[in-house]
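# Structural description and commentary
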Amino acid sequence: MTDEQLLIEFALTRMDHPDLDLEEVATLTVRRLGEDRMLDFAGLTLASRGELRGAVFPAAVEHVLRVVLTLRGPDD
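Structure report, in brief. Just so you know, these numbers come straight off a predicted model, no measurement behind them.

## Focus: the nonpolar core
In this structure, Leu-6, Phe-10, Ala-26, Val-30, Phe-41, Ala-60 and Val-64 are the most contacted members of the largest nonpolar core, which totals 17 residues. For this core, the leading source of residues is helix H4 (residues 56-72), giving seven residues.

Listed below in structure tokens is the structure:
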């Protein structure tokens, strides 16, 4: 999944739940995309940290947040 595709999934989830904060939307996005994507995202997070082990779900949520915040650009 590309970062752009992930951002679209995040946006669709946010449209369904506009009152939630970014971390809660990222959590729902990970759940919505399923276990295979969760493992992919967690692996990317752990690799970027240089870690071999970590909790899968929080690492996956962290990846989603990192991608969303990076693609959003700087805060004005």
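So, next bit.
## Here we look at the packing of helix H3 (residues 35-49) against H4
The geometry of H3 relative to H4 is characterised by a closest axis approach of 7 Å and an angle of 80 degrees between their N-to-C directions. By the angle between their directions, the pair H3 and H4 is classed as roughly perpendicular. When H3 is examined against H4, the residues Met-38, Leu-39, Phe-41, Ala-42, Leu-44, Thr-45, Ser-48 and Arg-49 are found in contact with a partner set consisting of Val-56, Phe-57, Ala-59, Ala-60, Glu-62, His-63, Val-64 and Arg-66. The residue makeup of the contact of H3 with H4, split by class, is ten nonpolar, three polar and three charged.

Thresholds, definitions, all that
Residues numbered from 1 in each chain as written. Predicted model: local features only at pLDDT ≥ 70, side-chain atom pairs only at ≥ 80, totals over all residues. Heavy atoms only, no water. Core = buried A, V, L, I, M, F, W, Y, C linked by side-chain atoms within 4.5 Å. Buried < 20%, exposed > 50% of the residue type's maximum accessible area, 1.4 Å probe, protein only. Helix = DSSP H or I, 4+ residues; strand = E, 2+ residues; numbered from the N terminus. Axes fitted to C-alpha atoms, helices over the stretch in contact; angles between N-to-C directions. Parallel < 35°, antiparallel > 145°, perpendicular 65-115°, else oblique. Contact = heavy atoms within 4.5 Å. Nonpolar A, V, L, I, M, F, W, Y, C, P; charged D, E, K, R; others polar.

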